[in-house]
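Examining the three-dimensional arrangement
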Amino acid sequence: MSSPSLGFVGVGTINSSIIKGLCKAGCDSGFFKFPIYVSPRGEEKVAELLATYGDKIKKCENNEEVAKSADVIFLGVVPKVADPVMSEISGSVKGSDKLIVNLVATLPIATCSEAMGGVKVCKAVPLPPVAHQRGVTSVCPSNEIAKNLFELLGTVVQIETEDHQRALQAATALMGPFYAQCQALQEWLSTKGLSPDVASQFAGSFYHCISYDSANCSKTSSDAFKTLIAEQTPGGLNEQAIKELTEAGVYDSHKVSLDSILGRLTKAAQQ
């Protein structure tokens, strides 16, 4: 499928983030072409995309028009409306060589494919920073078209089983706690007399710089995090913080929460 046309059914936070990232990337890569077809769902975000990217975006009358117009269809709706939406577009994709990129958190690949007449489906779990081409996206199973598109938006991790993807999906739930950690640092700095603006700027930039370092190191070694921890000065401030947080059970509590979230995702996928 050369330079496929793209369509987005549902324009919420994730789909709009993908669209923004693709518009910024441009189609010179040959991996897709404009315009990008969008459904009317998410009226406010659709209006924002039209105002920002103009004729790169084509607003369709309904989901069925999106499915008819696009070669690759990103299904990004909340789970409770997935069934009626799939029923709405199934007639436009059944028996075709179109690709469905399933973004619905709890919708299994086989269920999605069956609901739409056996069309090819892969599941992707991107994060909002794809809007800035700084995201990480898991794709299951491996799919060259999806890989090429999401590589325009950051890092792609391809896996072959939904069990493994659910584990990665559970890990993405640490995004919110990460922001909460940033806020906690901002609040603590503010209690020490720094202005909220300065505290906010420092907290965001601090976590950005160390996450950048960890991302680079992890590309070359599976022991990257052990190495970075070992580099902390013996008896130093960072070693003290690691020791105190470990003794307080902070890192173990992360694993407990991740197990709980994974259990929720697994249960939902089995229903």
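Refer to the preceding data block for the structure.
All values reported here derive from a predicted model rather than from experimental measurement.

Attention shifts here to a nonpolar patch on the surface. A cluster of nonpolar side chains, Val136, Val157 and Leu168, forms an exposed patch at the surface whose accessible area comes to about 200 Å². Position of Val157 among the secondary structure elements: in strand β8 (residues 154-158).

Now for the sheet that holds strand β1 (residues 5-9). The strand order β3-β2-β1-β4-β5-β6-β7-β8 describes an open sheet built from 8 strands, whose pairing is mixed. Edge positions in the sheet fall to β3 (57-59) and β8, since each of these pairs with one other strand and no more. Across the sheet, the axes of successive neighbouring strands diverge by a mean angle of 25°, strand direction being ignored. Packed onto the sheet, helix α6 (residues 144-151) meets β1, β4 (72-75), β5 (99-102), β6 (120-125), β7 (135-140) and β8 and runs at close to 155° relative to β8.

A word on the packing of aromatic side chains. Tallied over the full model, the rule gives 7 aromatic pairs. Judged by centre distance (5.2 Å) and plane angle (85°), the ring pair of Phe32 and Phe34 falls under edge-to-face. An aromatic cluster of at least three residues, connected via ring pairs, comprises Phe178, Tyr179, Phe202, Phe206 and Tyr207.

In an α-helix, one turn spans 3.6 residues; hence positions three or four apart end up facing the same way. With 17 residues, helix α8 (residues 175-191) extends 25 Å from end C-alpha to end C-alpha; this agrees with the ideal 24 Å at 1.5 Å per step. Among the residues making up α8, those that are buried are Cys182, Leu185 and Leu189. Buried residues along α8 cover an arc of 60° about the axis, so they all sit on one side. Along its buried surface, α8 packs onto α9 (196-218). Positive backbone phi, at 100°, marks Gly193, one or two positions downstream of α8.

Let us now look at the side chain of Asn102. Its location among the elements puts Asn102 in strand β5. Polar side-chain contacts of Asn102 include one of 2.7 Å to the backbone oxygen of Leu107. Excluding its chain neighbours within four sequence positions, the residues that come into contact with Asn102 are Leu75, Leu107, Pro108, Ile109, Cys112, Val121, Cys122, Lys123 and Ala124.

Ranked by size, the top nonpolar core spans 29 residues in total, and within it Phe74 and Phe150 carry the most contacts. When contributions to this core are tallied by element, the ones reaching two or more residues are β1, α1 (13-25), β2 (33-38), α2 (43-53), β4, β5, β6 and α6. Here the element with the most residues in this core is α1; it accounts for 4 residues. Each residue touching Phe74, except ones within four places of it in the same chain, is listed here: Leu6, Gly7, Phe8, Val9, Asn15, Ile18, Val101, Leu103, Leu149 and Phe150. Ranked by size, the runner-up nonpolar core spans 25 residues in total, among them Ala70, Leu75, Ile109 and Val119.

Rules behind the numbers
Residues numbered from 1 in each chain as written. Predicted model: local features only at pLDDT ≥ 70, side-chain atom pairs only at ≥ 80, totals over all residues. Heavy atoms only, no water. Patch = residues over 30% accessible without salt bridge, like charges linked within 9 Å, V, L, I, M, F, W, Y side chains within 5 Å. Areas by Shrake-Rupley, 256 points an atom, 1.4 Å probe, with all protein chains shown as cover. Salt bridge = Lys/Arg side-chain N within 4 Å of Asp/Glu carboxyl O. Helix = DSSP H or I, 4+ residues; strand = E, 2+ residues; numbered from the N terminus. Pairing = 2+ DSSP bridges. Axes fitted to C-alpha atoms, helices over the stretch in contact; angles between N-to-C directions. Contact = heavy atoms within 4.5 Å. Phe/Tyr/Trp six-rings, centres within 6.5 Å; stacked < 30°, edge-to-face > 60°. Expected span 1.5 Å × (residues − 1). Buried < 20%, exposed > 50% of the residue type's maximum accessible area, 1.4 Å probe, protein only. Arc of directions from axis to C-beta. Polar contact = N/O pair within 3.5 Å; in protein donor to acceptor, adjacent residues only side chain to side chain. Core = buried A, V, L, I, M, F, W, Y, C linked by side-chain atoms within 4.5 Å.

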